[in-house]
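# Chain and residue survey
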Amino acid sequence: MNKTLIWRAYLIEKDEDLASAVSRYQQVTGKRPKLALASEKADAALLEKLKAAGLTVQQSKTILPRDVWLTHEAAVQTGLL
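Quick look at the structure, then.

### Describing the environment of G30
Along the chain, G30 falls in the loop between α1 (15-29) and β2 (35-39). Between the alpha carbons of G30 and H72 there is a distance of 9.7 Å; along the sequence they are 42 residues apart.

### Let's talk about the side chain of H72
Position of H72 relative to the elements: it lies in the segment after β4 (67-71). Within polar-contact distance, the side chain of H72 engages the side chain of Y25 at 2.7 Å. Excluding residues that lie within four positions of it along the chain, H72 makes contacts with I6, Y25, K31, R32, P33 and K34.

### Brief notes about α1
Look at α1: 22 Å from first C-alpha to last across 15 residues, which is about the 21 Å you get at 1.5 Å a residue. In this structure, the buried residues of α1 make contact with β1 (8-11), α2 (44-52) and β4. Downstream of α1 by a residue or two, G30 has a phi angle that is positive, lying close to 80°.

### Quick word on the environment of R32
Following the sequence through the fold, R32 ends up in the loop between α1 and β2. Accessibility expressed as a relative area gives 40% for R32, which makes it partly exposed. Measuring from C-alpha to C-alpha, the distance between R32 and L55 comes to 9.7 Å, with 23 residues separating the pair along the chain. The residues touching R32, leaving out its near neighbours within four places in the chain, are V22, Y25, Q26, A53 and H72. Of the polar contacts made by the side chain of R32, one reaches the backbone oxygen of A53; its length is 2.8 Å.

The rules behind each value
- Residues numbered from 1 in each chain as written.
- Predicted model: local features only at pLDDT ≥ 70, side-chain atom pairs only at ≥ 80, totals over all residues.
- Heavy atoms only, no water.
- Helix = DSSP H or I, 4+ residues; strand = E, 2+ residues; numbered from the N terminus.
- Polar contact = N/O pair within 3.5 Å; in protein donor to acceptor, adjacent residues only side chain to side chain.
- Contact = heavy atoms within 4.5 Å.
- Expected span 1.5 Å × (residues − 1).
- Buried < 20%, exposed > 50% of the residue type's maximum accessible area, 1.4 Å probe, protein only.

So, in C-alpha cells, the structure goes:
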C-alpha cells in the first residue's frame, strides 16, 4: 500500500521565516514537522537553523537554494533526493 506523504514548501529568506514556516505547517497538518528537505546549495547558516529547530535535514540538488520542504514523516525515501 502506498502512503501519501505530506510535503509543504516554504521560502526562507529571514530568520523569522523559519519559525513562521514551522508554525504554518503545524496549523495546516496538525503535526509538528520532523524532516526538512533543503538544497545542496543552501547556505550553511540555514542548515544549522533547521537543525537547531529540531528538524532532521536532508539535502537535494532538485530544491531551490532558499526553499525548504517540510514533512512530519520521520524517515522518507523519495525521488527528490
